[in-house]
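Chain residues, written in single-letter form:
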Amino acid sequence: MATDKVQEKRQTWLTKEKKPIVIAGPCSAETEEQVLETGRRIFKTGKVDIFRAGIWKPRTRPGSFEGVGVKGLPWCQKVKALTGMPITVEVAKASHIDACLAFDIDILWIGARTTVNPFAVQELADALKGVDIPVLVKNPINPDLALWLGAIERFQKSGIKEIGAIHRGFSNLGEKYYRNRPQWQIPLEFMRRMPDIPMINDPSHICGRRDILQEVGQKAMDLDFDGLMIESHIDPDNALSDAKQQITPEVLGQMITDMVLREDYEDEPIKQSEIQYLRQEINSIDDELINLLSNRMKVVREIGTYKKNNNMTILQQKRWNDIIEKSKIQAAKSGLSEEFIIKFINAIHNESIDQQEQVFKGK
Ligand code: PEP
Ligand code: MN
């Protein structure tokens, strides 16, 4: 069949073979000159595989720049003609898909504000039935792994063969350091559940600022992510959207050059066996930790019985504050971060409260 031939001939862009896959380009296409100049300079770095540009911009609040719309698509086509780089564009509606296909856009991406809505995702998946085009799916803005996986499944069911995921962080009230918290455990669990889907990190939307892009991108590489999507603009400070996080193509090129790339060596028995001994040690420490926690909970339940018999509340605020203070001092002495130890001790405390509630209910 003719479509099989097209399939055979088409280059695979979202592959686990090349690491990292680098996608870069402006947050938004603004003018023809800006798109062409960004494309030319990004290509010149020699570090970028795929050119991105936002054509329709889903903005959180009205009144911000909402993208140039269809007239930006021919500018992207020109970047492809000039540089040979495939082009990716965000789509949020079926009509966006039609426009992208009419202008030979090579890869579509689904934004975080779309992934969050199964109706919208299904509309896009339906519009793509029988269309052979790769699709990248950003994580939803809320930390909900099932929604993200569900969006991927909708495209798989529509017959899309080449699918990638983009980790762009999760919004959170009051977050200061990151614009969107990375919550690395979510993409890592995604990678465990869907190991064949390439995972691309988007440090630009996680950081929301330039000074920590390198550290976040490097962390993604260290966690065996397959690629990076980074926003780049010829005049970042004057960009019409996401100005604070964009970098020039030259800074981008340097950033990729400076990345330390490591191998997982999963297929190399020698490298794996060298760390085997240490892994066994970790396993037995984990077993011990779980035993200790179980012993702690036995004592917790005994205290629960005493509180019940003496009509005392489960939560004893002063006692709890003392535990936190004591743990902080112990953590500092043991070289553990205060942030970690507070999270850890809070998790234990929550379980202790649950256990005592069960005792109160006679379970
Ligand atoms: C973007 O990539 O410019 C964008 C709008 O991203 P997100 O969907 O991650 O907010
Ligand atoms: Mn952006």
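Residues numbered from 1 in each chain as written. Chains lettered and ligands numbered in written order. Predicted model: local features only at pLDDT ≥ 70, side-chain atom pairs only at ≥ 80, totals over all residues. Heavy atoms only, no water.

A. Quick peek at the nonpolar core. The biggest cluster of nonpolar side chains holds 65 residues, and the ones touching the most others in it are V89, V137, F155 and F190. It is helix α7 (residues 145–157) that provides the largest number of residues to this core, a total of six residues. Those residues in contact with V137, other than ones at most four positions away along the chain, are I110, T115, W148, A151, I152, F155, I163, G164, A165 and I166. Formed by 11 residues, the second largest nonpolar core is a distinct cluster that contains I50, L136, I200 and M229. (Core = buried A, V, L, I, M, F, W, Y, C linked by side-chain atoms within 4.5 Å. Buried < 20%, exposed > 50% of the residue type's maximum accessible area, 1.4 Å probe, protein only. Helix = DSSP H or I, 4+ residues; strand = E, 2+ residues; numbered from the N terminus. Contact = heavy atoms within 4.5 Å.)

B. Seen up close, the domain arrangement of the chain. What the domain assignment lists for the chain is domain 1 (2–258) and domain 2 (269–360). Just the C-alpha atoms count here: the centres of domain 1 and domain 2 sit 41 Å apart. (Domains from an automatic or database assignment.)

C. Focus on the site of ligand 1. In the region of ligand 1, the neighbouring residues are C27, R52, K57, E90, W109, G111, A112, R113, K138, R168, H205 and E231. In this structure, R168 approaches ligand 1 through a side-chain N or O atom, which is 2.6 Å from an oxygen atom. When ligand 1 sits alone it has 290 Å² of accessible area, and the protein chains cover 97% of it. The residue inventory of the shell around ligand 1, partitioned by class, reads three nonpolar, two polar and seven charged. (Near = heavy atom within 4 Å. Polar contact = N/O pair within 3.5 Å; in protein donor to acceptor, adjacent residues only side chain to side chain. Areas by Shrake-Rupley, 256 points an atom, 1.4 Å probe, with all protein chains shown as cover. Nonpolar A, V, L, I, M, F, W, Y, C, P; charged D, E, K, R; others polar.)

D. Structural view of the pairing of strand β4 (residues 107–110). With burial as the criterion, each face of β4 is covered, one bearing I107 and W109 and the other bearing L108 and I110. Pairing between strand β3 (residues 87–90) and β4: three bridges, direction parallel. Across the sheet, the residue bridging to T88 is I107, located in β4. After leaving β3, the chain enters helix α4 (residues 94–102) and then returns to the sheet as β4, a path that is right-handed. Of the pairings in the sheet, the one linking β4 to strand β5 (residues 135–138) comprises three bridges and is parallel in character. (Pairing = 2+ DSSP bridges. Right-handed = clockwise from strand over helix to strand, strands pointing away.)

E. Examining the coordination of the manganese ion (ligand 2) more closely. For the manganese ion (ligand 2), the full set of protein donor atoms is C27 (SG), H205 (NE2), E231 (OE) and D242 (OD), at a range of 2.1 to 2.4 Å. Written as a sequence motif, the donor residues of the manganese ion (ligand 2) are C-x177-H-x25-E-x10-D. Highlighted residues: C27 in the loop between β1 (21–25) and α2 (32–45) and D242 in the loop between β8 (227–231) and α11 (249–258), separated in sequence by 215 residues. Taking relative accessible area as the criterion, C27 reaches 2% and is therefore assigned buried. Judged by its relative accessible area of 16%, D242 is buried. (Donors = N, O, S within 2.8 Å, 3.2 Å for Na, K, Ca; no water.)

F. Representation of the packing of helix α6 (residues 118–127) against α7 within the structure. Where α6 meets α7, the closest approach of the two axes is 9 Å, and the angle between their N-to-C directions is 20°. The orientation of α6 with respect to α7, classified from their angle, is roughly parallel. α6 and α7 meet at a crossing whose hand is right-handed. Contact residues: α6 offers P118, V121, Q122, L124 and A125, while α7 offers L147, A151, R154 and F155. A per-class count over the contact of α6 with α7 returns seven nonpolar, one polar and one charged. (Axes fitted to C-alpha atoms, helices over the stretch in contact; angles between N-to-C directions. Parallel < 35°, antiparallel > 145°, perpendicular 65-115°, else oblique. Left-handed = near helix turned anticlockwise from the far one by under 90°.)

G. Looking closely at the packing of aromatic side chains. Considering all chains together, one arrives at four aromatic pairs under this definition. Centroid distance W148 to F190: 4.7 Å. Interplanar angle 50°. Geometry classified as tilted. Note that W148 is positioned in helix α7 and F190 in helix α8 (residues 185–193), a separation of 42 residues in sequence. Taking the centre distance of 5.6 Å and the plane angle of 80° together, the rings of W184 and F225 count as edge-to-face. Of the two residues, W184 is situated in the loop between β6 (163–167) and α8 and F225 in the loop between α10 (213–222) and β8; the sequence distance between them amounts to 41 residues. For W184, a relative accessible area of 11% translates into the label buried. Directly above the aromatic system of Y177 lies the positively charged group of R209, at a separation of 4.7 Å from the ring centroid. Sitting over the ring of Y265, K271 keeps its end group 4.3 Å from the ring centre. (Phe/Tyr/Trp six-rings, centres within 6.5 Å; stacked < 30°, edge-to-face > 60°. Lys NZ or Arg CZ within 6 Å of the ring centre and 35° of its normal.)

H. Looking closely at the sheet that holds strand β2 (residues 50–53). Spatially, the eight strands close up into a barrel ordered β1-β2-β3-β4-β5-β6-β7-β8, and their pairing is parallel. For this sheet the average axis-to-axis angle between neighbouring strands, irrespective of direction, equals 25°. Set on the sheet, α2 makes contact with β1 and β2; between it and β2 the angle comes to about 155°.

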